[in-house]
Amino acid sequence: MTPMDVRQILLRGGYEPLPLVGKRPIIEGWQKRDQTSAGDIEIWSKLYPHATNTGCLTRRMPSLDIDILNADAAQAVEDLIKDRYGHVLVRIGKPPKRAILFRTDQVFKKITANLTAPNGVSEKIEFLCDGQQLVVNGVHPDTGQSYCWHGGEPGRVLLAELPHISGGEAQQLVTDIVALLEANFGYRRPLHKGKGSDADLAGPSDWKELTANVIAGHALHDSLRGLAAKMTSSGTSPGAAVNQLRALMEASAAPRDDRWRERYAEIPRLVESAEQKFPVSNGGAGLQEWNAALDRDAPPPRAWLLGNSLCRRYVSSLLAGGGTGKSAMRILQALALATGRRLTDEHVFQRCRVLIVSLEDDADELRRRILAACLHYDIARSELDGWLFLAAPGASAGKLKVMNAAGHIMDGQLRGHLEAAIERHDIDCVIIDPLVKAHRIEENSNSAVDGVLQALSDIAIRYDIAVDVPHHTSKGQDRPGDAHRGRGASALIDATRLAYTLTPMSEAEAQQYGISEGQRRQYVRYDRAKVNLAAVGGRETWFKLIGVRIGNETDMYPNGDEVQTVEVWNPPRLWADLPDARLNSMLTEIDRGLPDGTFYTAAPNASTRAAWQVVSKHAPEKPEREARKVIQTWLRSGLLVEFEYNNPETRKTVKGLRVDNAKRPGTICALD
């Protein structure tokens, strides 16, 4: 049976079906859909062929989600409901979790009871209703198994045949389930949970417990804090919350000692803090601003994964021209994350599950690239098991954004495929290579490109992952660290928080490092182009492109393939610890000359005008012989140029040194 068939059966049974990718509805504004027709369902099958799961709105089909991992406890909850309501439909997705369907003509908000299992794991009971949906058909993204039903299946069983429940009855049922789990299975309720509607809709038993604590004089601080959170998140005004809490304290049996007075005095601060931490749910309206004075605790650190290159919840990019090793570089960084090994000389903060989506190379070419890096770095396939996932879907996966015939930007199929894979494999970092293949919009349009990057940013934030999109540079000479060399609209660099460039070694750099002209393009430098999350600075990192025989010889192709990977390359010791900024300071001083109007010279017997002394001044750790070698290298490369001038003191024609600014060492373009 096709997804369209399933949805038509549900519609005829009185349900409100939705197309899903995994657990995610693919239709914008699905929460407020009023009516679905058979024609809508046919259109969905054409627009969203990748949305093979089906859900139902729970507005008129409230669903009890038993999100607990104790099999006996879950069965006991199901038995309690059957004793009270008789025959019910039970859905199993990831056992022992289950969901039970009801019907209502009295729409109510979601009801949540947060629980702590005996082993300390957070679990919950939820009644889904207004603004939620439940998966009813398809494959569970975690188990890879089909959802199953017992007691009947929605569609075959009409909505009108489900047991009826009101909002008050649903709340009482949740309260009774919590009592059952606490009494028989060792579950307990936290004083308060998180922020938003979960806190204020957790159930009357929680309110009762907190209120009883205050009246009895027990756990005053925690109980007042919990009540303040519940009041503000449920819409109680700050003044009313303060007055109600003070009234409770006045009625408390606690002695009116210093402790009582301290707790009484802190009530306004607790309410104000609760406003910031547990804002009332208002459909997303308002700025949700907070009082900075209440921000006493340090925010969590940024979740870096690899050096300052990849970070959770942010979009990054590597900008490079063709043939510079861009894909090989990102593959090696992906392997560093997947193995936890420092392959690129960048710190691996934690071992990660990585998904590489190649939209340019086919599956065989991607396999060759991975194999080349694994052979060179002696990475066993067992090291990658469950940590590195590969995809080369070609055009079949669709795009993130597309432009239709009318010129309107629309969502494509690729996002749904990405999110399904992220959920299925619990991915930490996804690399989509290259960006230009991920969309079909006008790449010079800032608004269109911004839409693509916003979609990627939404994925990064929603799944708490790093998202990376290597990108081509425009034609012309690449400059290290120049973020604006990225092809197309500037919205790319504006939207990515982390950008690096990969640039071939220049002629001047090759002469400086003693690399022949025939070999210099094997060396590439990795520079920060825009790192809004970290200070821009430091020196470039060099890599060498190398070919690896991957052992795939055949009778027809006896030599097999040599495939590119990269390895860290350290410049000769002469240039160690001499970043571009330091070298340019030396060159500026040499080019300016001396205060008496004379210029520095490369003459071996020079004294006060000896150019090597400028090198020693800026790099005192360098011995004289190395300082002299720096000057000679710059002369050979043409970075320093000898010219004749009249010495104002001796009135003789002598030689001095000037700098060819076009050949200065590359500088990092520091943006924002």
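Everything below is about the structure printed above this text.
Residues numbered from 1 in each chain as written. Predicted model: local features only at pLDDT ≥ 70, side-chain atom pairs only at ≥ 80, totals over all residues. Heavy atoms only, no water.

What the protein contains, in helices and strands, is 20 helices and 27 strands. In terms of overall dimensions, the protein has C-alpha extents of about 110 × 80 × 50 Å along its principal axes. Residue burial in the protein is summarised as follows: out of 672 residues, 50% are buried. Of the accessible surface of the protein, which amounts to about 31,200 Å², a share of 48% is contributed by carbon and sulfur atoms. When the 84 positive and 85 negative side-chain charges of the protein are each reduced to one mean point, those points stand 3 Å apart. (Helix = DSSP H or I, 4+ residues; strand = E, 2+ residues; numbered from the N terminus. Buried < 20%, exposed > 50% of the residue type's maximum accessible area, 1.4 Å probe, protein only. Areas by Shrake-Rupley, 256 points an atom, 1.4 Å probe, with all protein chains shown as cover. Lys, Arg positive; Asp, Glu negative; His and termini not counted. Charge placed at Lys NZ, Arg CZ, Asp CG, Glu CD.)

Moving on: the environment of A216. Tracing the backbone through its elements, the reader meets A216 in helix α6 (residues 204-216). Residue A216 is classed as partly exposed on the basis of its relative accessible area of 37%. C-alpha separation for the pair A216 and D83, spaced 133 residues apart in sequence, amounts to 36 Å.

In this fold, A395 is placed in the loop between β15 (388-391) and β16 (401-403). On the basis of relative accessible area, A395 is assigned to the exposed category, the value being 73%. Here the alpha-carbon distance between A395 and A372, two residues 23 residues apart in the chain, equals 26 Å.

Tracing the backbone through its elements, the reader meets D72 in helix α3 (residues 71-85). Linking D72 and A183, residues 111 residues apart in sequence, is a C-alpha distance of 13 Å.

Glancing now at the nonpolar core. L335, L337, V354, I356, L388 and C429 are the most contacted members of the largest nonpolar core, which totals 37 residues. Considering each element in turn, this core owes the most residues, nine residues, to helix α11 (residues 326-339). Those residues in contact with L335, other than ones at most four positions away along the chain, are G340, L343, A373, C374, I379, L384 and L388. (Core = buried A, V, L, I, M, F, W, Y, C linked by side-chain atoms within 4.5 Å. Contact = heavy atoms within 4.5 Å.)

The strand order across the open sheet formed by six strands is β7-β8-β4-β6-β5-β10, and the pairing between neighbours is antiparallel. Unpaired on one side and paired on the other, β7 (111-116) and β10 (148-150) mark the two borders of the sheet. Sheet twist, expressed as the average angle between the axes of neighbouring strands with direction ignored, equals 20°. In this structure, β7 lies alongside strand β8 (residues 122-128), joined through six bridges in antiparallel fashion. Its bridge partner being in β8, I111 is matched across the sheet by F127. (Pairing = 2+ DSSP bridges. Axes fitted to C-alpha atoms, helices over the stretch in contact; angles between N-to-C directions.)

The subject of this paragraph is the sheet that holds strand β19 (residues 439-440). In space, the three strands of this open sheet follow the order β17-β16-β19, with mixed pairing throughout. The open sheet has two edge strands with one neighbour each: β17 (409-411) and β19. Summarising the sheet, β16 and β19 pair through two bridges and their orientation is parallel. What sits directly across from V402, in β19, is R440.

Right, let's talk about the packing of aromatic side chains for a bit. Evaluation of the coordinates by the stated rule reveals 13 aromatic pairs. Considering the side-chain rings of F108 and F127, the 6.0 Å spacing of their centres and the 80° angle between planes classify their relative orientation as edge-to-face. You can see F108 sitting in the loop between β6 (98-101) and β7 and its partner F127 sitting in strand β8, a full 19 residues away along the chain. On the basis of relative accessibility, which here comes to 0%, the residue F127 falls in the buried class. A ring pair is formed by F599 and Y645, whose centres lie 5.1 Å apart and whose planes are at 75°; its orientation type is edge-to-face. (Phe/Tyr/Trp six-rings, centres within 6.5 Å; stacked < 30°, edge-to-face > 60°.)

So, about helix α4 (residues 167-185). Here α4 is 19 residues long and its end C-alpha atoms lie 26 Å apart, about the 27 Å a rise of 1.5 Å per residue gives. In the segment just after α4, G186 is the residue with positive phi, at about 75°. (Expected span 1.5 Å × (residues − 1).)

It is worth spelling out the pattern of salt bridges at this point. Counted according to the given criterion, the structure contains 37 salt bridges. In this structure, the salt-bridge partner of E126 is K110, at a minimum N-O distance of 3.3 Å. Of this pair, E126 sits in strand β8 while K110 is found in the loop between β6 and β7, placing the two residues 16 residues apart along the sequence. Taking the shortest distance from any N to any O, the salt bridge between R369 and D361 comes out at 2.9 Å. Residues participating in the shared-partner salt-bridge network are R24, R415, E419 and R462. (Salt bridge = Lys/Arg side-chain N within 4 Å of Asp/Glu carboxyl O.)

So, on to unusual backbone geometry. P95 connects to P96 through a cis peptide bond whose omega is 5°. Position of P96 relative to the elements: it lies in the loop between β5 (90-92) and β6. Of the consecutive residues D433 and P434, the connecting peptide bond is found in the cis state with omega at -5°. Relative to the helices and strands, P434 resides in the loop between β18 (429-433) and β19. The residue D464 is not glycine, and still its phi comes out positive at about 55°. Positionally, D464 belongs in the loop between α15 (446-463) and β20 (466-468).

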